[in-house]
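Structural description and commentary
So you can see what is in the structure, the chains are spelled out below.
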Amino acid sequence: MANAQDKQVEDSMAMGTATRPESKAMPVGVRGVNAPSMSRLQHISLQYGLDCNDEELEVYKEKMIEVLRAFKSLAAMTEPIPEVKYPRTPGYRPKPQDNPYNAWYWRCDIRGACTGLLAGRTVAIKDSIQVAGVPMMNGSRVLEGFMPPIDATVVTRVLDAGGHITGKAACEDMCLSGSGSMCGTGPVRNPHKEGHVTGGSSSGCAALVAAREVDMAIGGDQGGSVRFPACWSGIVGLKPTYGLVPYTGACSMERSLDHLGPMAATVRDCALLLQTIAGYDDGNDTRQPRDLRVPNYTEQLKGDPKQLKIGVVKEGFANCHDPVNGIVRGALDKLRAAGATVEDVSIPAHIEGVQIGDRGMQSTALADAQRRGFRAHSQYLSYVTKLFLLTSEYVREEYGFHFYSKARNISHEITASFNAALEKYDVLAMPTIVYPAPEIPTTTTPIGEMIDHSSGMLQNTAVFNVTGHPAISINAGFTADGLPVGLMLVGKLWDDVTVLDAAYAWERLRGADDTPRV
């Protein structure tokens, strides 16, 4: 399959000259808007218990044809496609010997502006984010062969800032796993310890940064997918305030939870990448306030522990394994000894938030590819993704949007609980994940264990996708057998700079070079 896809890529672009590449493997769009058959309407009527006879359905069919004329007009319209500003070669799928951690999905060579904040920096892009002319599978065989026609906004911003994009980083199947073992191209291996997972779903991003194969990466986070791999790979990963970084051009899981965020070896590089990709996207991402302003994050990094008030969330240590508990509390003790105010605080809503699960510019090419892929290849989805689809469809059919609506309503109370705690403290602290990275499952691992393996790390992270608060994972130390442990710091909405500065204070105290190079 790889050779056939390589040939499609080579045929789709002239080397280094194309500005708006298109996929030949998957034509964009629907072939037409057709009137429904009577048998199809009878099926829908039966499905929803409408009790329609054929005479009644004939009337509805005629009225539907009138409505569908508008869809035909829409299908004939030419939609605006953002300019692809920088030429690129189609790239290639790396050979195993050139991909030791299985962290690359695709290699490419896209050079941006000659000057800028990221001049000279290499950047990996999570394979849930569109890069024009570079194959994308979102970790799943459902999308394999799709060639995006556009660059996501964050991709354009990296290139405008002088960044050098060297490839797409592997991610979990449809981003629906936190382990790093459910990618359609195989598990991503932890650079710190052979045979262990990296964390997901931005698994490739973390492994590449940890192995120093790139300077930085852009990951996606719907429940912890930037912070999990940052924790287990010993790097820095920030889930920014909800809406700070535009999501335009990335695969959406649920718009109320979707975040893109920077991942890097140091806090300063993380801040530099955030400074590059954050900001208003001209209305293309309607989650963003129009008056959104981006501060100079790197200039505001002071790293003075004496200026910090840290609330240690008791509930964040529930079920915490002893090595993780000792390392994280040891880090907080060092911050206290350096002059920070460190106090325990109880926020019961922290546990409740794990159970909570529009408009704007969308990519029709991506939507079409997903529709076709699910029809043709859904049998290849991971166990976790299949469970997700079965559960969501059952709940939708049985209960409609009752639980979704209730969860969204309750989320306001949960957000208020954290806001109240953050009136007293600059940041809240807890372990990113309460246990170290486990071993990669084998082909004989039971399905139930593989599912648990991919979702058991949500305890402390998922709630902040619900509330939208900025949250960063930074290495707190290593277990006796060399596995990284993450400290998570959470701040006020839109106060990402304080979260970064608190992490910088710990990094300076720990020593920026204390994270071993792989």
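Nothing here was measured: the structure is a model prediction, and the numbers come from that model. (Residues numbered from 1 in each chain as written. Predicted model: local features only at pLDDT ≥ 70, side-chain atom pairs only at ≥ 80, totals over all residues. Heavy atoms only, no water.)

Some details on the overall build of the protein chain
Scanning the protein chain from terminus to terminus reveals 15 helices and 11 strands. Against the compact-globule benchmark of 24 Å for 518 residues, the protein chain has a radius of gyration of 23 Å, which places it among compact chains. Taken over the C-alpha atoms alone, the protein chain extends approximately 80 × 55 × 55 Å along its principal axes. A total of 518 residues make up the protein chain; the buried ones form 55% of that total. (Helix = DSSP H or I, 4+ residues; strand = E, 2+ residues; numbered from the N terminus. Rg over C-alpha atoms; globule rule 2.2 N^0.38 Å. Buried < 20%, exposed > 50% of the residue type's maximum accessible area, 1.4 Å probe, protein only.)

Concerning the packing of aromatic side chains
Overall, the coordinates contain 5 aromatic pairs when judged by the stated rule. An aromatic cluster is defined as three or more aromatic residues linked by ring pairs; in this entry it consists of Tyr 394, Tyr 399 and Phe 403. Positioned above the aromatic ring of Trp 104 is the side chain of Arg 107, whose terminal nitrogen or guanidinium carbon lies 4.0 Å from the ring centre. When the ring centre of Phe 317 is taken as origin, the NZ or CZ atom of Arg 329, which lies over that ring, is 3.9 Å away. (Phe/Tyr/Trp six-rings, centres within 6.5 Å; stacked < 30°, edge-to-face > 60°. Lys NZ or Arg CZ within 6 Å of the ring centre and 35° of its normal.)

As for the confidence of the model for the protein chain
For the protein chain, mean pLDDT is 89; residues scoring 70 or higher make up 90% of the total. Counting interchain partners and residues more than four positions distant, the pLDDT-below-50 stretch residues 1-29 has 57 contacts. (pLDDT = per-residue confidence, 0-100. Contact = heavy atoms within 4.5 Å.)

Side note on the pairing of strand β3 (residues 164-169)
Looking along a regular strand, one sees side chains alternate from face to face of the sheet. Most of β3 sits inside the fold, with 6 of its 6 residues counted as buried. Across 5 bridges, the pairing between strand β1 (residues 104-111) and β3 is antiparallel. Residue Arg 111 lies in a different strand from β3, and its bridge partner there is His 164. Two strands pair when backbone bridges link them, and strand β2 (residues 122-126) and β3 are joined in this way by 5 bridges, in the parallel orientation. Its bridge partner lying in β3, Thr 122 is registered against His 164. Between β2 and its parallel partner β3, the chain crosses via helix α4 (residues 153-160), and the hand of that crossover is right-handed. (Pairing = 2+ DSSP bridges. Right-handed = clockwise from strand over helix to strand, strands pointing away.)

Description of the pairing of strand β5 (residues 236-239)
Burial along β5 is two-sided: the face carrying Val 236 and Leu 238 and the face carrying Gly 237 and Lys 239 are both buried. Both β5 and strand β6 (residues 259-264) contribute to a ladder of 2 bridges, which runs antiparallel. When the bridges of β6 are listed, Gly 237 appears paired with Met 263. Two strands pair when backbone bridges link them, and β5 and strand β10 (residues 471-478) are joined in this way by 3 bridges, in the antiparallel orientation. Residue pairing across strands places Gly 237 opposite Ser 473, the latter belonging to β10.

Here we look at unusual backbone geometry
Residue Ser 201 is bonded to the preceding Gly 200 through a cis peptide linkage, with omega at 10°. Here Ser 201 shows up in the loop between β3 and α5 (203-210). Of note, Arg 212 is a non-glycine position whose phi angle comes to about 60°, a positive value. As for its placement among the helices and strands, Arg 212 is situated in the loop between α5 and β4 (216-221). Residue Arg 212 is classed as partly exposed on the basis of its relative accessible area, which comes to 30%.

Topic: the packing of helix α8 (residues 322-337) against helix α15 (residues 496-510)
Put simply, α8 and α15 touch, their axes get as near as 10 Å, and they point 90° apart. When the interaxial angle is binned, α8 and α15 end up roughly perpendicular. Taken together, the residues of α15 that come into contact with α8 (itself represented by Ala 331, Lys 334 and Leu 335) are Ala 505, Trp 506 and Leu 509. Looking at the contact of α8 with α15 residue by residue, the class counts come to 5 nonpolar, no polar and 1 charged. (Axes fitted to C-alpha atoms, helices over the stretch in contact; angles between N-to-C directions. Parallel < 35°, antiparallel > 145°, perpendicular 65-115°, else oblique. Nonpolar A, V, L, I, M, F, W, Y, C, P; charged D, E, K, R; others polar.)

A look at the side chain of Asp 221
Here Asp 221 shows up in strand β4. Judged by its relative accessible area of 0%, Asp 221 falls in the buried class. A polar contact of 3.4 Å, which involves the side chain of Asp 221, links it to the backbone nitrogen of Ser 225. Dropping the residues within four chain positions of it, Asp 221 is found in contact with Val 226, Arg 227, Lys 239, Leu 257, Asp 258, His 259 and Asn 465. (Polar contact = N/O pair within 3.5 Å; in protein donor to acceptor, adjacent residues only side chain to side chain.)

Comments concerning the side chain of Asn 475
You can see Asn 475 is positioned in strand β10. Here the side chain of Asn 475 touches Val 485 through a polar contact of 3.4 Å, landing on its backbone oxygen.

Side note on the sheet that holds strand β7 (residues 309-313)
Spatially, the 11 strands line up as an open sheet ordered β1-β3-β2-β4-β6-β5-β10-β11-β9-β7-β8, and their pairing is mixed. Bordering the open sheet on either side are β1 and β8 (341-345), each of which pairs with just one other strand. Averaged over all pairs of adjacent strands, the angle between their axes in this sheet comes to 25°, without regard to strand direction. With respect to the sheet, helix α7 (residues 267-277) is in contact with β4, β5, β6 and β10, its orientation differing from that of β6 by roughly 145°. Docked against the sheet, α15 engages β5, β9 (427-431), β10 and β11 (484-491), running at close to 10° with respect to β10.

So, α15
Between the first and last C-alpha of α15 there are 21 Å, a value that for 15 residues agrees with the 21 Å anticipated at 1.5 Å per step. Within α15, 12 of the 15 residues are buried, leaving the element largely enclosed by the surrounding structure. Looking at α15, one finds that the buried residues are Asp 496, Val 497, Val 499, Leu 500, Asp 501, Ala 502, Ala 503, Tyr 504, Ala 505, Trp 506, Glu 507 and Arg 510. In the core, the buried residues of α15 are packed alongside β5, α7, α8, β9, β10 and β11. Immediately beyond the C-terminal end of α15, within one or two residues, lies Gly 511, with a positive phi of roughly 100°. (Expected span 1.5 Å × (residues − 1).)

Thoughts on a nonpolar patch on the surface
On the surface, Ile 44, Tyr 48 and Leu 50 cluster together into a nonpolar patch covering about 300 Å² of accessible area. When its relative accessible area of 51% is taken as the criterion, Tyr 48 is described as exposed. (Patch = residues over 30% accessible without salt bridge, like charges linked within 9 Å, V, L, I, M, F, W, Y side chains within 5 Å. Areas by Shrake-Rupley, 256 points an atom, 1.4 Å probe, with all protein chains shown as cover. Salt bridge = Lys/Arg side-chain N within 4 Å of Asp/Glu carboxyl O.)

Details of the pattern of salt bridges
Overall, the coordinates contain 13 salt bridges when judged by the stated rule. Put simply, Arg 111 and Asp 109 hold a salt bridge, and the shortest N to O gap is 3.5 Å. A relative accessible area of 36% means that Asp 109 is categorised as partly exposed. Several salt bridges converge on common partners, so that one network encompasses Arg 255, Asp 285 and Arg 287.

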